[in-house]
Amino acid sequence: MTPGPASVASPASAIATRGLTKTFGNHTAVDALDLTVPRASVFGFLGPNGSGKTTTIRMLLGLVAPTGGRAEVLGEAVPFRLARVLPHVGALVEGPAFYPFLSGEANLRRLDTADPLTEPRTRSARIGAALERVGLTHAARKKVHAYSLGMKQRLGLAAALLAPRELLVLDEPTNGLDPQGTREVRALIRSLADDGTTVFVSTHLLAEVDQVCTHAAVLRAGRLVAQGTLDDLRGDARSRVRVTTPDTDAALGVLRRLGLTAETAAPDTIDAAWPAAEAGVDTAAAGRAGRTATEDVVAALVAAGVRVRGFTSTGTTLEQRFVELTGEGFDVAG
Ligand SMILES: Nc1ncnc2c1ncn2[C@@H]1O[C@H](COP(=O)(O)OP(=O)(O)OP(=O)(O)O)[C@@H](O)[C@H]1O
């Protein structure tokens, strides 16, 4: 990977990757990833376990070197200009390690002291502000071993917020939390976003994306299978039709000519859908370009002499859509 002269990020992007790839031996963990994370978004990086989320995050933070491709964080090429970027990025990767017999406040003091980029004179004020931001002021002097998992995770977020940040990168921030802890952390993510911070959050939980994110990218076996705003992804999820007809062969032909993927679901029933966006392509944009409206599908069937007994827009849920995209048992709970 060599630093190219041209910027891959538009100024509106907090993160932009082009062809970002990581192989371990002959296993491709991240495969030519083109990710565009708009500033001020809460961006869900969604994929089953092992799909490459953590490896991507580690490349973005300079913790592991890419095998190929390029990445920019806050407009700077990484890992080359990491030193300029990191002060503006807060990260929560791989469950934060705290000293259990020190208080939350003392743990933050240790972390801040260990960071050569921080300003000692403002330390106490910054620690106080970070604890307040995550709602832990009341527990500041409590030893961490007495914290709930949710409180520990919020302390991890406080550590990421010890300096003002433009971008927060959170790897599975609710993993292992009980429902209350999960609610606390999700509410905190939303409130951070309300302050204008870009939040990039990886998760294998669709509900997490549904509840906190404005945008999402879906990863499957290291490849991006969709990205866009949640509204776009939801819109895409509605784009399915079911046709009941005795003329299934003719109907299949018409539907496929219109660019739909169509298959016979029963002897007189065809299920069809607009195709999933190509990897790296904004789902809704791909959908809008050249997509035939539902009513035009009916017209085309009738014009081709297909006898239509029934026609419904079957409307998959976002959940079904994401299961389709990831192609495997997908954890939608939480
Ligand atoms: N250091 C490594 N050496 C070899 N293979 C690795 C290494 N790190 C990750 N992998 C492999 O790369 C693939 C992607 O792993 P990664 O941890 O990025 O996925 P993930 O989506 O974050 O999943 P999880 O949520 O389970 O961590 C997996 O097949 C994993 O086994």
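Up top is the structure these notes are about.
The paragraphs below set out a description of the structure included in this document. (Residues numbered from 1 in each chain as written. Predicted model: local features only at pLDDT ≥ 70, side-chain atom pairs only at ≥ 80, totals over all residues. Heavy atoms only, no water.)

Focus: the sheet that holds strand S15 (residues 310-313)
Adjacent strands of a sheet form backbone hydrogen bonds with each other and so pair up, either parallel or antiparallel. Note the threshold: Any two strands are treated as partners once DSSP identifies two or more bridges connecting them. Numbering of helices and strands runs from the N terminus; a helix is a DSSP stretch of H or I covering at least four residues, while a strand is a stretch of E covering at least two. Angles run from 0 to 180 degrees between N-to-C directions of axes, and those axes are lines fitted to C-alpha atoms, restricted for helices to the stretch in contact. The contact rule is simple, with two residues in contact once any of their heavy atoms fall within 4.5 Å.
Strand order in the open sheet formed by 4 strands is S13-S14-S12-S15, and the pairing between neighbours is antiparallel. Single-partner strands in this sheet number two, and they are strand S13 (261-266) and S15. Across the sheet, the axes of successive neighbouring strands diverge by a mean angle of 20°, strand direction being ignored. Taken together, the 5 bridges between S13 and strand S14 (residues 269-273) define a ladder with antiparallel strand orientation. Bridge pairing links Thr261 to Ala273 in S14. Strand contacts of helix H11 (residues 294-303): strand S12 (240-244) and S15, with the helix running at about 160° to S15, the strand carrying the most contacts.

Digging into the packing of helix H3 (residues 104-114) against helix H5 (residues 149-160)
For the record, the criterion: A crossing counts as left-handed when the near helix is turned anticlockwise from the far one by less than a right angle, and as right-handed when that turn is clockwise. Residues are grouped as follows: Ala, Val, Leu, Ile, Met, Phe, Trp, Tyr, Cys and Pro are nonpolar; Asp, Glu, Lys and Arg are charged; every other residue, Gly included, is polar.
Contact geometry of H3 with H5 gives a least axis separation of 10 Å together with a crossing angle of 35°. Both H3 and H5 take part in a crossing whose hand is right-handed. Touching Gly104, Leu108 and Leu111 of H3 are Leu155, Ala158 and Ala159, all from H5. Broken down by class, the residue content of the contact of H3 with H5 amounts to 5 nonpolar, 1 polar and no charged.

Points about the site of the ligand
As a reminder, the rule being used: Throughout, the term near means that a residue has one or more heavy atoms lying within 4 Å of the molecule or strand in question. Counted as a polar contact is a pair of N or O atoms within 3.5 Å, where, for protein atoms, one must be capable of donating a hydrogen and the other of accepting one, and residues adjacent in sequence contribute only when both atoms are in side chains. For the area figures, the Shrake-Rupley method with a 1.4 Å probe applies, and any residue is considered shielded solely by the protein chains shown.
The environment of the ligand is formed by Phe24, His27, Ala29, Pro48, Asn49, Gly50, Ser51, Gly52, Lys53, Thr54, Thr55 and Glu172. Between an oxygen atom of the ligand and a main-chain N or O atom of Gly50, the distance comes to 2.6 Å. Note that an oxygen atom of the ligand is positioned 2.9 Å from one of the backbone N or O atoms of Lys53. Protein contact buries 56% of the 630 Å² of open area that the ligand shows by itself. Broken down by secondary-structure element, the contributors of at least two residues to the shell around the ligand are strand S2 (27-33) and helix H1 (53-60). With 3 residues, the single largest contributor to the shell around the ligand is H1. Residue composition of the shell around the ligand, grouped by class: 3 nonpolar, 7 polar and 2 charged.

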